[in-house]
Amino acid sequence: MSILIHRDTAVIIQGITGREAVNLTREGLDYGTKIVGGVTPGRAGRDVYGVPVYDCVRDITARQHVDGSIVTVPPRFTRDAVFEAIEAGVKLVVVVTERIPRGEVAQMVELARLRGARIIGPNCLGILSPEEAKMGGLGGPAVNVRRAFKKGPIGVMSRSGGMTTEIANTLSAGGLGQSTAVSIGGDAIIGSTYAELMPLFEADPETRAIVIYSEPGGRMEAELADWVREHRSRLPIVAFMAGRFMDEMPGMRFGHAGTIVEGKADTTADKIARMQAAGISVAERIEDIPALVQERLRGH
């Protein structure tokens, strides 16, 4: 009942001795994530909460199979860290770091495409499969994750990390557990868009519906609407669109770097119209999501 990660996914953390990474390590281990090693050049031989530290990714992959890496290094080192992971054969890279130059993100995404790897992020809180594992800071400490996220049939995708947890919490309170929640990142260029993640949910027999959190700006919702129509998706989708007020404030930035409205197709009104035309239901308020999902599931 999950995409991308599960309880047996072997994970490493690049930049593991950094302050944020130490917290991610503890939270991940507490939740049951299989963290098999960490990388900080020059710190080999140490450990973080019992996780051994190595100088480079290959020092780990030479010893054992690694499925995924969480990259939490300063922006000026992020591209090299991602390249290192992908070239060492790691197929899933969650990039937590923000403020990476767009050109470098584009290079990372291109290398991932060439090598058959997948990037989630950058500037994201990662992935979480309830009662299985998590990669990144999604949901915070394990005790909070267990309260907000419950196992179930609803996939969640969100450009906002905080709203990923908020939506999962709202669904859980309404008796609807989640298969996998993905914080895709709020930057203008990201590794995996809604449309690019849809085939994974589509192929997961346990996922029965999708909820997405949207913001003004960018082409992602238009791409999703096109994908749903072209592939005749079996999954009902419910969206919540934030920032409707921005239609009255052209050029306004809302929350993330990726939310600069550059034309009519980027506005909330146009996005809502496009999604509804593709059969995607749009919730007026967050608290309306569970009832809308239930209604769509009944109709399927």
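The shown structure was predicted, so the numbers you read here are calculated from the model rather than taken from an experiment. (Residues numbered from 1 in each chain as written. Predicted model: local features only at pLDDT ≥ 70, side-chain atom pairs only at ≥ 80, totals over all residues. Heavy atoms only, no water.)

Caption draft 1: Examining the pattern of salt bridges more closely. This structure, assessed with the given rule, holds 12 salt bridges. Here glutamate 132 and arginine 7 are joined by a salt bridge, their closest N and O atoms 3.3 Å apart. Of this pair, glutamate 132 sits in the loop between strand E8 (126-129) and strand E9 (133-135) while arginine 7 sits in the segment before strand E1 (10-14), placing them 125 residues apart in sequence. Here glutamate 132 falls in the buried class, since its relative accessible area comes to 12%. With relative accessibility at 44%, the residue arginine 7 sits in the partly exposed group. When the shortest N-O distance is used, the salt bridge between arginine 159 and glutamate 221 registers 3.3 Å. (Salt bridge = Lys/Arg side-chain N within 4 Å of Asp/Glu carboxyl O. Helix = DSSP H or I, 4+ residues; strand = E, 2+ residues; numbered from the N terminus. Buried < 20%, exposed > 50% of the residue type's maximum accessible area, 1.4 Å probe, protein only.)

Caption draft 2: Fine view of the pairing of strand E2 (residues 34-39). Across the 6 residues that make up E2, a large majority, 5, are buried. In terms of strand pairing, E1 meets E2 through 5 bridges, oriented parallel. Note that in E2 the partner of glutamine 14 across the bridge is valine 39. Crossover connection from E1 via helix H1 (residues 19-31) to parallel E2: handedness right-handed. (Pairing = 2+ DSSP bridges. Right-handed = clockwise from strand over helix to strand, strands pointing away.)

Caption draft 3: Molecular detail of the sheet that holds strand E3 (residues 47-48). Spatial strand order, E3-E4-E2-E1-E5-E6-E7: 7 strands in an open sheet with mixed pairing. Two strands in the sheet have a free side with no partner beyond their single neighbour: E3 and strand E7 (118-120). Where E1 lies against strand E5 (residues 68-71), 4 bridges are found, and the strand directions are parallel. Looking at the pairing, glutamine 14 lines up with valine 71 of E5. Sheet strands touched by helix H3 (residues 75-87): E1, E5, strand E6 (92-95) and E7. Its angle to E6, the strand with the most contacts, is close to 165°. (Contact = heavy atoms within 4.5 Å. Axes fitted to C-alpha atoms, helices over the stretch in contact; angles between N-to-C directions.)

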